Amino acid sequence: MVRVPEICTGGGEDTVLAHYRMAGASGVGMKPPDILGAWCCHACHDAVDGRNTQGRDREWLRFLHAEGVLRTLVQLQSEGKI
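These numbers come from a predicted model, not from an experiment.

Student: Explain the overall build of the chain residue by residue, including any values.
Tutor: Tallying secondary structure elements over the chain gives two helices and two strands in all. Secondary structure elements in the chain, listed N-terminal to C-terminal, are β-β-α-α. Partitioning the intrachain contacts of the chain with sequence separation of at least 6 by distance along the chain shows that 62% fall at a separation of at least 24. As displayed, the chain has an accessible area near 5,100 Å², and 55% of this comes from carbon and sulfur atoms.

Shown next as structure tokens:
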């Protein structure tokens, strides 16, 4: 759902929930709630968490991550899970 161009593997078996960090919802030793998560492949997760940005702008990655959270919410709602 995050879809970082040129590195996204499309998910499948390596799909993980990448939590979107923001003030008031996370902090030191405090993971954000799952509702602020986006399903994404391992490569996209590494990019949005800053482990392997491959030179990509951090704010752009945060934007892609936020879009991924919205796509995940839409998917979950369409499946009747939220």
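Student: Before we move on, can you summarise the side chain of Thr72 with the specific residues and values?
Tutor: Inspection of the secondary structure puts Thr72 in helix 2 (residues 58-78). A relative accessible area of 2% places Thr72 in the buried class. Engagement of the side chain of Thr72 in a polar contact is seen with the backbone oxygen of Gly68, the distance being 2.8 Å. Beyond its immediate sequence surroundings of up to four residues, Thr72 is in contact with Met1, Gly37, Ala38 and Trp39.

Student: Which residues make up helix 2, and what are the values?
Tutor: Between the first and last C-alpha of helix 2 there are 30 Å, a value that for 21 residues agrees with the 30 Å anticipated at 1.5 Å per step. Of all the residues in helix 2, the buried ones are Leu61, Leu64, His65, Gly68, Val69 and Thr72. Looking down the long axis of helix 2, one finds its buried residues gathered within 150° of arc, a one-sided arrangement. The outward face of helix 2, more than 90 degrees from its buried face, is lined by the exposed residues Glu59, Leu70, Val74, Gln77 and Ser78. In this fold, the buried residues of helix 2 make contact with strand 1 (16-19), strand 2 (37-40) and helix 1 (42-48). Where helix 2 starts, the residue carrying a side-chain oxygen 3.2 Å from the main-chain nitrogen of Glu59 turns out to be Asp57. Phi for Gly80, located one or two positions after helix 2, is positive at around 75°.

Student: Mind laying out the nonpolar core, listing which residues take part and the relevant values?
Tutor: In this structure, Val2, Val4, Cys40, Cys44, Ala47, Leu61 and Leu64 are the most contacted members of the largest nonpolar core, which totals 14 residues. If you list the elements that add at least two residues to this core, you get strand 2, helix 1 and helix 2. Leave out the neighbours within four places in its chain, and Cys40 touches Met1, Val2, Asp14, Thr15, Val16, Ala18 and His45.

Student: An account of the side chain of Arg56 is needed here, citing residue identities and associated values.
Tutor: With respect to the helices and strands, the residue Arg56 is situated in the loop between helix 1 and helix 2. A distance of 2.9 Å separates a polar side-chain atom of Arg56 from the backbone oxygen of Pro5. Setting aside anything within four residues of it in sequence, one finds Arg56 in contact with Val4, Pro5, Glu6, Ile7 and Leu61.

The rules behind each value
In this convention, every chain numbers its residues from 1, walking through the sequence in written order. Owing to the predicted nature of the model, reporting of local features is limited to residues with pLDDT of at least 70; listing and counting of side-chain atom pairs is limited to 80 or more, with chain, interface and lining totals taken over all residues. Side-chain measures were taken over the full set of non-hydrogen atoms in the model, leaving aside hydrogen atoms and water. Only DSSP runs of H or I with at least four residues qualify as helices, and only runs of E with at least two residues qualify as strands; both kinds are numbered from the N terminus onward. The contact rule is simple, with two residues in contact once any of their heavy atoms fall within 4.5 Å. Exposure was quantified through the Shrake-Rupley algorithm and a 1.4 Å probe, taking into account, for residues, occlusion by the shown protein chains and nothing else. Only protein chains enter the accessibility calculation, which uses a 1.4 Å probe. A residue is then buried if its area is under 20% of the maximum for its type, exposed if over 50%, and partly exposed in between. Counted as a polar contact is a pair of N or O atoms within 3.5 Å, where, for protein atoms, one must be capable of donating a hydrogen and the other of accepting one, and residues adjacent in sequence contribute only when both atoms are in side chains. By this rule, a helix spans an expected 1.5 Å times one less than how many residues it contains. As used here, the arc belongs to the directions running from the helix axis to the C-beta atoms. Put simply, a nonpolar core is a bunch of buried Ala, Val, Leu, Ile, Met, Phe, Trp, Tyr and Cys residues held in one set by side-chain atoms that sit within 4.5 Å of each other.

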